[in-house]
Structures are given as structure tokens and as C-alpha cells.
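An overview of the molecular structure
Next come the chains, spelled out residue by residue.
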Amino acid sequence: MWGSNARETHPIFFHHVLKGVRAGARLYVVDPRRTGTAQWADRWLGLNVGTDVALANAMAHEILKSGLENREFIDRATSGFEEYRACVEQYTPERAQELTGVPAALIREAAHSYATSERAMICWTLGITEHHNGVDNVLSLINLALLTGHVGRYGCGLNPLRGQNNVQGGGDMGAIPDRLPGFQHVADDAARAKFESAWGTRVPNIPGWRLNEMFDAMGRGELRTLYVVGENPVASEADRSHAEHALSALDHIVVQDLFLTDTAKMAHVVLPAAAGWCETEGTVTSSERRVQRVRKIVDPPGEARDDIEIICDVARRLGHDFGRPTAEHLWDELRALSPMHAGMSYRRLEELGGLQWPCYDESHPGEPFLHARLWETPVRGPRAPFHPVEDDAPVDLVNDEYPLTLSTGRRLDSFNTGVQSGGYTSPLRRGETIDVSPEDAVRYGLRDGEDARVESRRGAVVVPIRIDPTLRAGNAFMTFHFDAPSNVLTIEANDPKSGTAEFKASAVRIQPLTHSLAAAGG
């Protein structure tokens, strides 16, 4: 479990992890915090924030030095191995200890355990991706799986645990700037022609904007109207002040959502939408690529309507009659255009309790192992490439003025920006705090429960202090669930490949309000 506090953020999934642990599996947790997940681990690798590539490369170095790589798999199914070997040569466990803070002996143990296991899996979440080099972090983990052959087989693989329900399904449907449904690239002339024929319109052959690029375009005056569906960027973007400024300058904002979010409050038009899990028909796709049916059991309340109805009515007002398609009609259209969904009729989804893509025709059982082709002789399709990546420190570096590294994340009792979970009570909920280590509490004169001003190079919030013994010295933690907006503090340093912001590494300082008042003569 790398950069994932699944015990709190994916609790249902973590029940399955615990079943494995109780059956004898060894659990290694890589995380700057000794989280609830780490407390179940055989070993906790408490690394410095932003040093994941150095740790992964050091594990690879040790695997190669000990001759534990899977040469047969590397030779038959991968490319770029020699360049990768040269890259990790410099990352000795001793050097990695200096960079990451993880003892060299523990790095060696983790490397040997992973490489020599018959079955091994790497799971990760936002602790890996929410960095300015998040894609490189992911590639470093993929490299480890390719090096050991722990991919495309039972009990092995790479598992990015999705942060929200049906994120996988959204990507599958083409909610990615450079992809059409079924992950077909917009630059692929043949794929684009297929969609143009079905839709009766031209499909652009250049990628659209990622979310961070949309905000850049707002700043340039190039994007003047925004249609937001099920997103709350005011509360979720890395730099809240920047997001609010950009949105307030727009000519027109439409928000389609279940709730009157902070973003909806800024909108010119709000379209109340139905809840996808109980008020509409459709499908949902899990982290394991399993497509399952979702069924309507109640009508939407008040003026809320099915997203399909809303979008079709908006299209009609714009002069395009989409008709009144049902969810199944739209799904069948997808099946005709996306080869990996072709065999997934509603009938089969009902009868089989779901299917895993790719599923190419109605006799195909679905593919339980996405990369099983890498074990075929000869390998079907392209080889899996190694990607040499280098250690790259966080953008917002700590110094004497801002000496602590703030990471943001979720807690068990709440969800994301708190819009969905804030409407009910929980015995676990304790409101927002700035969590600090006992060592830093002593160093900076912080007392548990005392209000403090937390300040970064971008803004400040006032929250109570909470001394957390699971935190290492130099690290601090906040969520983004509550009214104290932690995204006032976080930095908009985006990964150039994914557009994801570095929510996990913002330099901050903490000053108790009593100190601030004394300094001001209060």
C-alpha cells in the first residue's frame, strides 16, 4: 500500500486487505504518516514527503544487485530495460536513506520481499498522484512490477484505488481531454471517423483542456463560460483564492449537481440533478474494471432530474435533437463504438452480475487480468515499456520561515469537500484541525486544542491544533472536508502530464493565536 490510507479512505476495500493479512499475506505500507493502514502493516516505510521515486528506484537497485529480477519476463514482454537499469544504478539503499529517511536495511527487506513473493501487488492512491511529478511516481511503481513480473497474473498487479465512485467509469466514457469513449485517442483518424459517422458531426482531432488548463484559459480570457457537472472546484482546487477569482470573472456558469455546492452558489444557472446510485438507470465501473448495472428505485425529489434528460433538453434548446434516449439505448451506442465494451449487453450484465472490460463480443467472458497478454507467446500487442524517472523534490520547499510540510487528505467519517457527508452527523467527526507531531508541538510551543493560524505562501486559515503521535517531525496534516478551507494553503504546482496539483506538499508555518495576539499587543 503506497501513498494510500485505505483504512480510512477505502474502508470497504480495506476489509479485503485485512482478510489477506489474516490469511498470511505480508503488508508493507509506504506513507509519511503512520496511518490507520500502517498500523496493520508488517512494516511501515515512513518516507519524507515527495521522495517516492527515490524509494522505488532504490528497491529496483537492490532487486537488480541481488539478481532477483524476472529476466524471462523482461526479455519477452518489456522494452527499455537497459536504460532503466542505468537510471536506478545510482539509487543505492544508502543514498535513498538520505533522501527518503527510510533505513537502508528496511528498503532492502521490502525489495527482497516484493521480488521473491510468488504473488505481489502494489496499490496506491492520491499520496502518489497528488504531486507535481505524480505521473513519474506512478511510473516508478509500474517499473517495479515489470522488473519482477508481478503483472497480468492472478494475485499480482498494479491497483490504483479510485478516489470517488465511478471515476473509472467516467474515464472509460471519454471524460479525459484526449480520449473518446473506450480510451480511443482523438488523434486516431479511424477512431474519430467512426464517432463522426455515428454522431453526425465533426470531432476535433486535438486534445481538449485539463482542469488546470481550463483555469489558465479563464485567466487569459479565452474561456468565458463554464458548465460544471458533479464537480466543486471552488472547494477542491489547489489554490482556492485563484479559483474563486477566475470563476468570478466568467460571463456565465452553469452547475448541474445534487447539492448547492460552493461552486453552485457562484453559478448563474443551477440544474438540480438526480442521484446516480438510486434515482436513475445506468452502469457503474469499479476499480477492477467491472461494469455493473445501477437501477432506479425512487424518483428524484422536487425539481431534480436525470442527467440524461437535462443534457438532452439543453441540446434541444441549442438546436440539436438527441431524442429521448434511455440509459440502455446510450449504452448500446457505446457498445457499437467502443470495442472493449462490445460484449456487455444489459442482459449479460444482469445475468452475470457484471463483466470486466475488455469484453469484445457476447461470447467473451470479460478479462480478469488486464495485462494477461504479456504472458502470451508471442506477446500480443506492444511490449510494456520501462520508464526511467528521477527523484524530484516538492516545489514548495520548507525553510526557516515555513518549516513544516502540510499534506491534505481524507478521514473515515467524511468525504471530499464535505458536501455529501456534511449533512449528517457521525460519532467519529471532530471538525477540522491542524495535526502536528509531538516533537513539533514542543519545538513551536503548540498546545492540543488551542486555536492557531496556519499560513502558507498563498494564504492562511485558523483551526485548532491537534497533536498526533502518528505524524513524523516536520509533517502536518489537514483534510478538505470542513469550512476551514485547506485549499487556501495548498500550492497550484501541477504535474505537466496529468494536470494534478501537489496537494501533498505545501510549506506552512503554525502560530498559536495567543502568540499572535501578544505580538499585536492584544
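Residue indices begin from 1 for each chain and proceed along its sequence in written order. The predicted nature of this model means local features are confined to residues of pLDDT at least 70 and side-chain atom pairs, given and counted, to a pLDDT of 80 or more, with totals for whole chains, interfaces and linings taken over all residues. Each side-chain value is worked out from all heavy atoms of the structure, with water and hydrogens disregarded.

1. Some words on helix H14 (residues 240-248)
- A simple rule labels every residue: compare its accessible area, found with a 1.4 Å probe on the protein chains alone, to the largest value its type can have, and call it buried under 20%, exposed over 50%, or partly exposed in between. Secondary structure follows DSSP: runs of H or I at least 4 residues long count as helices, runs of E at least 2 residues long count as strands, and numbering of each begins at the N terminus. Of the positions making up H14, those classed as buried are Arg240, Ala243, Ala246 and Leu247. Projected down its long axis, H14 carries its buried residues within an arc of 130°, all on one side. With respect to the buried face of H14, the exposed residues turned more than 90 degrees away are His245 and Ser248.
- The contact criterion used is simple: two residues touch if any of their non-hydrogen atoms lie within 4.5 Å. Packed against the buried residues of H14 are helix H12 (211-220), strand S8 (225-229), helix H13 (233-236) and strand S9 (252-257). Comment: arc refers to directions from the helix axis out to C-beta atoms.

2. Things to note about the domain arrangement of the protein chain
- How far each domain reaches was decided by an automatic or database domain assignment. Domains assigned within the protein chain are domain 1 (6-156 + 380-385), domain 2 (167-356) and domain 3 (404-520).
- The gap between the C-alpha centroids of domain 1 and domain 2 is 34 Å.

3. Regarding the nonpolar core
- Within the largest apolar cluster, 41 residues are counted, with the highest numbers of intra-cluster contacts made by Trp2, Leu45, Met59, Leu144 and Leu147.
- Elements with a minimum of two residues in this core: strand S1 (28-30), helix H3 (52-65), helix H4 (71-77), helix H5 (81-88), helix H7 (104-116), strand S4 (121-124) and helix H9 (134-148).
- When residues of this core are assigned to their parent elements, the largest contribution, seven residues, is made by H3.
- Setting aside residues no more than four positions away along its own chain, leucine 147 makes contact with Ala60, Ile63, Leu64, Glu69, Asn70, Ile74, Phe81, Tyr84 and Phe386.
- We call a set of buried residues a nonpolar core when its members are Ala, Val, Leu, Ile, Met, Phe, Trp, Tyr or Cys and they connect through side-chain atoms within 4.5 Å of each other. By size, the runner-up hydrophobic cluster in this structure holds 17 residues, among which are Leu406, Val454, Met478 and Val488.

4. Some remarks on a nonpolar patch on the surface
- Taken together, the side chains of Tyr227, Val229, Ile311 and Phe322 present a nonpolar region at the surface, about 370 Å² in accessible area.
- As for its position among the elements, valine 229 is in strand S8.
- On the accessibility criterion, valine 229 (46% relative accessible area) is partly exposed. Grouping into patches uses exposed residues only, defined as over 30% relative accessible area, and leaves out salt-bridged ones; the cut-off is 9 Å for like charges and 5 Å for nonpolar side chains (Val, Leu, Ile, Met, Phe, Trp, Tyr). Using a 1.4 Å probe, accessible areas were evaluated by the Shrake-Rupley method; residue-level cover was limited to the displayed protein chains. Any carboxyl oxygen of Asp or Glu within 4 Å of a side-chain nitrogen of Lys or Arg constitutes a salt bridge here.

5. Focus: the state of the cysteines
- Count a disulfide wherever a pair of cysteine sulfur atoms falls within 2.5 Å. On inspection of all chains with the given rule, the structure shows zero disulfides.
- Between cysteine 123, a cysteine without a disulfide, and cysteine 156, which holds the nearest cysteine sulfur, the sulfur-to-sulfur distance is 12 Å.

6. Considerations on unusual backbone geometry
- Geometrically, the link from tryptophan 357 to proline 358 is a cis peptide bond, its omega value of 0° lying close to zero.
- A positive phi angle, close to 65°, is found at asparagine 166, a residue other than glycine.
- Relative to the helices and strands, asparagine 166 resides in the loop between strand S5 (157-160) and helix H10 (167-172).
- Residue asparagine 166 is classed as partly exposed on the basis of its relative accessible area, which comes to 27%.
- In this structure, phenylalanine 183 takes a positive phi of about 60° despite not being glycine.

7. A closer look at the sheet that holds strand S11 (residues 282-285)
- DSSP bridges decide pairing: two strands pair if at least two such bridges lie between them. Strand order across the open sheet formed by three strands is S11-S12-S13, with antiparallel pairing between neighbours. Whereas interior strands pair on both sides, the edge strands pair on one side only; in this sheet they are S11 and strand S13 (355-356).
- One ladder, built from two bridges, connects strand S12 (residues 290-294) with S13; its direction is antiparallel. Residue pairing for S13: valine 291 is matched across the bridge by leucine 355.

8. Brief notes about the sheet that holds strand S20 (residues 506-512)
- The strand order around the closed barrel formed by six strands is S15-S19-S16-S18-S17-S20, and the pairing between neighbours is mixed. Across the sheet, the axes of successive neighbouring strands diverge by a mean angle of 45°, strand direction being ignored.
- Relative to S20, strand S15 (residues 404-409) is paired through three bridges, and the arrangement is antiparallel. In the strand pairing of S20, leucine 404 is matched with valine 508. A fitted line through C-alpha atoms represents every axis, and for helices the fit uses only the stretch in contact; the resulting angles, taken between N-to-C directions, go from 0 to 180 degrees.

9. Examining the pattern of salt bridges
- Enumeration over the complete set of coordinates arrives at 45 salt bridges.
- Note that arginine 26 is salt-bridged to glutamate 109, the shortest N-O span being 3.2 Å. On the criterion of sequence distance, the pair formed by arginine 26 in the loop between helix H2 (11-22) and S1 and glutamate 109 in helix H7 is long-range, its members being 83 residues apart.
- Under the relative-accessibility criterion, glutamate 109 is labelled partly exposed at 25%.
- Residue arginine 509 pairs with glutamate 455 through a salt bridge whose shortest N-O separation is 3.3 Å. Note that arginine 509 is positioned in strand S20 and glutamate 455 in strand S17 (residues 451-456), a separation of 54 residues in sequence.
- Where salt bridges share partners, they join Arg305, Glu309, Asp313, Arg316, Asp321 and Arg324 into one cluster.

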